Amino acid sequence: MQFPPSFPAHRPRRLRRDEFTRSLVREHALTSSDLIYPVFVLDQDDGTQDVGSMPGVSRLGRGPLWAAAERCVALGIPVLALFPVIDVSLKTPDGQEAANPDGLIPRTVRELKQRFPELGVMTDVALDPYTSHGQDGLLDETGYILNDETVAVLTRQALTQAEAGVDIVAPSDMMDGRIGAVRQALEAKGLIHTRIMAYSAKYASAFYGPFRDAVGSSANLGKANKKVYQMDPGNSDEALREVGMDIAEGADMVMVKPGMPYLDIVRRVKDTFRVPTFAYQVSGEYAMIKAAAQNGWLDHDATMLESLLAFKRAGADGVLTYFAPHAAELLSRR
């Protein structure tokens, strides 16, 4: 790096003197097109259910979901990401409801694409909302999560979603080889335009608690954990191996999850692979900002926008965030 001239020949504050200069030399910017809005979907025509651990977030019946989609279109948010909240009676050890073509997510995708063809729709490929034990895969007799048997179910789930017309499937399970299996199945069915956003570096994080409350898997999971398939928070090089494998197997885009505690991983992934890279500002991150703001400890809007800008600065091309609509509204006023 070439160092600038020393003081007083160089006065860095000259470029901070006024707003127009700060805007002129700003290295990174956040726009509504950088945002993906995750929503929790109920299988009912109307009504909402508040998520207690995520202030301001609700599970949405179909009517409120259409309103949320319309809001995304109006604000320029390009993608809505769907997460199902299914009835407990449909949850089984093998999670077979995930591949039901008449299930909640395929039906929702079909109607969303009919009503809002210009809005991108993304779906989660994972079994934890559908399993009675709350894990992302099938269990053997010892409780260990089986890899290849799980991948077979995930592949059927992804095909079901793609055949319903979804734009992006997003495997979030962290099973080995699932991106290759999904890509091969999509190609074999002629679904060549279905994009894959792989949760490539998904860590076994403590920041997921409120999300599990929202989709109803927390109680089923109990005191169990997901450390035998999600990544160890102490590892960084491993993330690059995981991302490299997913790209080689056919991922179009990759994701790092959680977000802010793993900005170093976002930067390493972007610098190494130069592919479309996303980060998920997860439920725990959202809840922390909300709680601190509600207590008067932080400025809600300023902190929220700063946190989102941090993802862009770290190298992310986009961010999944529950703040998306509010952030886009604030950005539209600038």
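Residues numbered from 1 in each chain as written. Predicted model: local features only at pLDDT ≥ 70, side-chain atom pairs only at ≥ 80, totals over all residues. Heavy atoms only, no water.

Draft legend 1. Spotlight on the overall build of the protein. Scanning the protein for helices and strands turns up twelve helices and twelve strands. A globule of 334 residues ought to have a C-alpha radius of gyration of about 20 Å, and the protein, at 21 Å, matches this closely. Across the 334 residues that make up the protein, the buried fraction comes to 55%. Looking at the protein alone, contacts between residues at least 24 apart form 74% of all its contacts between residues at least 6 apart. Taken as a whole, the protein presents about 15,200 Å² of accessible surface, with 52% of it coming from carbon and sulfur. (Helix = DSSP H or I, 4+ residues; strand = E, 2+ residues; numbered from the N terminus. Rg over C-alpha atoms; globule rule 2.2 N^0.38 Å. Buried < 20%, exposed > 50% of the residue type's maximum accessible area, 1.4 Å probe, protein only. Contact = heavy atoms within 4.5 Å. Areas by Shrake-Rupley, 256 points an atom, 1.4 Å probe, with all protein chains shown as cover.)

Draft legend 2. Inspection of helix α2 (residues 62-75) at higher detail. The end-to-end C-alpha distance of α2, which contains 14 residues, comes to 20 Å, matching closely the 20 Å that a straight helix rising 1.5 Å per residue would cover. Looking at α2, one finds that the buried residues are Arg62, Pro64, Leu65, Trp66, Ala68, Ala69, Cys72 and Leu75. In the core, the buried residues of α2 are packed alongside β1 (35-42), β2 (48-50), β3 (58-60), β4 (79-85), α3 (104-115) and α12 (324-332). The first or second residue beyond α2 is Gly76, which carries a positive phi of 80 degrees. (Expected span 1.5 Å × (residues − 1).)

Draft legend 3. Focus on the layout of surface pockets. By volume, the largest pocket amounts to about 250 Å³. Forming the boundary of the largest pocket are Arg26, His28, Ala29, Leu30, Leu305, Glu306, Leu309, Leu331 and Arg334. Looking at the lining of the largest pocket, the element that brings in the most residues is helix α11 (residues 300-314), giving three residues. For the lining of the largest pocket, the residue count by class is five nonpolar, one polar and three charged. (1 Å grid on protein atoms, 1.4 Å probe; cavity = no way out; pocket = protein on both sides within 12 Å on 5 of 7 lines; lining within 4 Å. Points joined across faces, edges and corners; volume = space filled by probe spheres on them. Nonpolar A, V, L, I, M, F, W, Y, C, P; charged D, E, K, R; others polar.)

Draft legend 4. Region of interest: empty space enclosed by the protein. By the definition in use, this model includes two cavities of 30 Å³ or more. Of the volumes computed, that of the largest cavity is approximately 110 Å³. Taken together, 14 residues make up the lining of the largest cavity; nearest its centre are Asp128, Ser172, Lys202, Phe211 and Lys257. Among the elements of the structure, β9 (195-202) and α6 (209-215) are those that each provide at least two residues to the lining of the largest cavity. Looking at the lining of the largest cavity residue by residue, the classes come out as five nonpolar, two polar and seven charged. The dominant element in the lining of the second largest cavity, judged by the number of residues it contributes, is helix α8 (residues 237-249), at four residues. Counted by class, the lining of the second largest cavity contains two nonpolar, one polar and five charged residues.

Draft legend 5. Seen up close, the pairing of strand β8 (residues 168-171). In β8, alternate side chains face the same way, and those of Ile168 and Ala170 on one face and Val169 and Pro171 on the other are all buried. One ladder, built from four bridges, connects strand β5 (residues 120-125) with β8; its direction is parallel. When the bridges of β8 are listed, Val125 appears paired with Pro171. In the sheet, β8 pairs with β9 via two bridges, with the strands oriented parallel. Residue pairing across strands places Ile168 opposite Arg195, the latter belonging to β9. Between the parallel pair β8 and β9, the chain is carried across by helix α5 (residues 178-188), and the sense of this crossover is right-handed. (Pairing = 2+ DSSP bridges. Right-handed = clockwise from strand over helix to strand, strands pointing away.)

Draft legend 6. The nonpolar core, seen in detail. Counting residues in each nonpolar core, the largest one holds 106 residues, and the members touching the most others are Phe40, Leu80, Leu82 and Met197. Sequence-distant contacts of Leu80, defined by excluding residues within four places in its chain, comprise Tyr37, Val39, Leu65, Ala69, Cys72, Leu112, Leu119, Gly120, Val121 and Met122. (Core = buried A, V, L, I, M, F, W, Y, C linked by side-chain atoms within 4.5 Å.)

Draft legend 7. How the structure looks around the packing of aromatic side chains. Within this structure, the stated rule accounts for ten aromatic pairs. Taking 5.3 Å as the distance between ring centres and 90 degrees as the angle between the ring planes, the aromatic pair formed by Phe83 and Phe211 counts as edge-to-face. Taken together, the positions of Phe83 in strand β4 and Phe211 in helix α6 put the pair 128 residues apart, joining distant regions of the chain. In this structure Phe83 comes out as buried when scored by relative accessible area, which is 2%. Plain terms: the ring middles of Tyr280 and Tyr322 are 6.1 Å apart, the flat faces sit at 45 degrees to each other, and that makes the pair tilted. Taken together, the residues Tyr280 in strand β11 (residues 277-281) and Tyr322 in the loop between β12 (318-321) and α12 connect sequence positions 42 residues apart. Of the two residues, Tyr280 and Tyr322, both sit in the buried class. (Phe/Tyr/Trp six-rings, centres within 6.5 Å; stacked < 30°, edge-to-face > 60°.)

Draft legend 8. A look at the pattern of salt bridges. On inspection of all chains with the given rule, the structure shows 20 salt bridges. Between Asp167 and Arg195 there is a salt bridge, with its nearest N and O atoms 3.9 Å apart. Note that Asp167 is positioned in the loop between α4 (147-163) and β8 and Arg195 in strand β9, a separation of 28 residues in sequence. The partly exposed category is assigned to Arg195, whose relative accessible area is 36%. Between Arg274 and Asp271 there is a salt bridge, and its shortest N-O distance comes to 3.9 Å. With relative accessibility at 38%, the residue Asp271 sits in the partly exposed group. (Salt bridge = Lys/Arg side-chain N within 4 Å of Asp/Glu carboxyl O.)

What is shown is where atoms sit, not what they do.
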